[in-house]
Amino acid sequence: MKISVKVPATTANIGPGFDCLGMALPIYNTITIEETVLPGTGIEINVLNDDATADELMLEHIPMDENSIIYKAVELLYNSIGQTPSELKITVQGQIPIARGLGSSAAVIVGGLLAANELLGHPADEVALLSIATEVEGHPDNVTPAIVGGLVLTSQEDDGRIVYTKLDWPDEWNITVCIPDYELSTEISRSVLPKEVPMQDAVFNAKRLGMFVQAVNTKDAELMKLALHDKLHQPYRMKLVPGLDKIIENLRHEENVLGCVLSGAGPSILVISQKNNLDKIKAIVKNTWEEMNVKVNMMTLPVANEGAIIINNENQI
Ligand code: HSE
């Protein structure tokens with residue numbers, strides 16, 4: 001039996017929603033799990049990309065052994081039904097950039113989990129899958145949209161259960177993902193965050209998250225301009241993302257720009273804008289980063305409304 005799952009990239013936080021807002025984007029990884037017929041071969045995890053640099057990076061950030069997050073996710077699922085995984089070949093292929101704040105780790109966790117769930121005959125429902133994926137990833141804001149698609153507000157409750165609600169992103173608002181040529185691991189990016197924040201900063205974000213939800217629901221661009229700010233993570237991460245402060249400053253007075261925020265833990269940046277003016281916005285981002293010798297790849301993408309899907313279920317035995 002061989003199962004392949006296609007999983008979208010995700011962006012998280014999106015301004016005020018630290019650890020609770022996330023959105024699926026149409027860049028994909030494919031994770032394949034194959035039961036091998038030779039007993040005693042154990043678990044083999046491979047990466048297979050056209051781009052050898054991407055393979056090296058993936059191996060560096062997502063170790064392909066039993067310490068791997070993908071293995072942990074698969075193991076937790078097997079354990080939940082009293083089994084241990086063995087004789088599996090797991091392959092990761094894809095386009096999601098590694099260590100750029102676009103959910104590459106969430107994608108492999110979710111892909112491994114969904115493929116294993118299919119292989120085992122669906123022992124886990126969506127609630128269980130969300131909970132295992134969050135346990136491995138540490139926070140739900142990437143894994144939830146990777147599983148269910150779209151823009152989601154998601155929370156891990158005290159009993160571990162993940163609850164989420166979907167929001168409709170206005171089609172007329174562009175999401176331009178700006179991916180610099182340097183990496184930043186989520187681990188490092190989380191290590192600079194404080195354990196506690198000032199009350200006024202918590203209130204600042206609470207207000208803005210409320211504005212965000214209302215702004216997308218009513219397509220209120222002026223409200224969105226107020227909403228797309230954060231005091232819980234971005235100020236602490238600025239020093240890890242050279243150029244972010246200058247890009248925000250240089251875009252501040254562009255009429256069609258609703259906001260400029262860190263994508264997940266960074267270093268990619270999202271520019272949210274209304275239609276038109278994309279060339280100018282991209283030129284500002286490119287020039288600002290180029291002045292600092294940073295190359296950038298930019299894509300204006302729609303929301304991926306569909307989450308991870310099984311693309312092949314081949315009984316090979
Ligand atoms: N909410 C997480 C963070 C996303 O900001 O650390 C990491 O991808």
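Refer to the preceding data block for the structure.
In this report, the structure presented in the accompanying data block is examined. Remember, it's a predicted structure, so these values are computed and weren't measured experimentally.

Tallying secondary structure elements over the protein chain gives 11 helices and 11 strands in all. Computed over the C-alpha atoms, the radius of gyration of the protein chain is 20 Å, within 12% of the 20 Å expected from 2.2 N^0.38 for a compact globule of 317 residues. Its C-alpha atoms put the protein chain at 65 × 40 × 35 Å along the principal axes. Residue burial in the protein chain is summarised as follows: out of 317 residues, 53% are buried. Summarising the internal contacts of the protein chain: among those between residues at least 6 apart in sequence, 74% fall at separations of at least 24. Carbon and sulfur atoms make up 48% of the accessible area of the protein chain, which amounts to about 14000 Å² in all. Between the mean site of the 23 positive side-chain charges and the mean site of the 42 negative ones, the protein chain shows a separation of 8 Å.

Our focus in this paragraph is the packing of helix α4 (residues 126-137) against helix α5 (residues 140-148). Running from amino to carboxyl end, α4 crosses α5 at an angle of 145°, the nearest separation of the two axes being 9 Å. Along this stretch, α4 crosses α5, giving a crossing that reads as right-handed. For the pair α4 and α5, the contacting residues are Glu 126, Leu 129, Leu 130, Ala 133, Thr 134 and Glu 137 in the first and Pro 140, Asn 142, Val 143, Thr 144, Ile 147 and Val 148 in the second. Counted by class, the contact of α4 with α5 contains 7 nonpolar, 3 polar and 2 charged residues.

We now examine helix α3 (residues 104-119). Under the 1.5 Å per step criterion, the end-to-end length of α3 is 22 Å for 16 residues, consistent within 8% with the ideal 22 Å. In terms of residue burial, α3 counts as a mostly covered element, since 15 of its 16 residues are buried.

Here we take up the sheet that holds strand β9 (residues 269-274). Taken together, the 4 strands give an open sheet; going across it, the order is β8-β9-β7-β10, and neighbouring strands pair in antiparallel fashion. Edge positions in the sheet fall to β8 (257-262) and β10 (296-301), since each has one partner strand and no second. The average angle at which neighbouring strand axes cross in this sheet is 20°, direction not considered. The sheet contact formed by β8 and β9 spans 5 bridges and is antiparallel. In the sheet register, Leu 262 faces β9, and the bridge partner there is Ile 269.

Turning our eyes to something else, we now look at the pattern of salt bridges. Evaluation of the coordinates by the stated rule reveals 6 salt bridges. The residue Glu 222 makes a salt bridge to Lys 225 at a minimum N-O spacing of 3.6 Å. Within this pair, Glu 222 and its partner Lys 225 are both found in helix α8 (residues 221-227), separated by 3 residues, close to a single helical turn. Judged by its relative accessible area of 53%, Glu 222 is exposed. Overall, Lys 225 belongs to the partly exposed group, its relative accessible area being 26%.

Next up on the list: α4. Helix length check: α4 (12 residues) gives 16 Å between terminal C-alpha atoms against 16 Å at 1.5 Å per residue, within 8%. Taken as a whole, α4 has its buried residues at Leu 129, Leu 130, Ile 132, Ala 133, Thr 134, Val 136 and Glu 137. The inward-facing, buried residues of α4 abut α2 (69-80), α3, α5, β5 (151-156) and β6 (162-167). Positive phi shows up at Gly 138, right after α4, with a value of about 100°.

Quick notes on the rules
- Residues numbered from 1 in each chain as written.
- Predicted model: local features only at pLDDT ≥ 70, side-chain atom pairs only at ≥ 80, totals over all residues.
- Heavy atoms only, no water.
- Helix = DSSP H or I, 4+ residues; strand = E, 2+ residues; numbered from the N terminus.
- Rg over C-alpha atoms; globule rule 2.2 N^0.38 Å.
- Buried < 20%, exposed > 50% of the residue type's maximum accessible area, 1.4 Å probe, protein only.
- Contact = heavy atoms within 4.5 Å.
- Areas by Shrake-Rupley, 256 points an atom, 1.4 Å probe, with all protein chains shown as cover.
- Lys, Arg positive; Asp, Glu negative; His and termini not counted.
- Charge placed at Lys NZ, Arg CZ, Asp CG, Glu CD.
- Axes fitted to C-alpha atoms, helices over the stretch in contact; angles between N-to-C directions.
- Left-handed = near helix turned anticlockwise from the far one by under 90°.
- Nonpolar A, V, L, I, M, F, W, Y, C, P; charged D, E, K, R; others polar.
- Expected span 1.5 Å × (residues − 1).
- Pairing = 2+ DSSP bridges.
- Salt bridge = Lys/Arg side-chain N within 4 Å of Asp/Glu carboxyl O.

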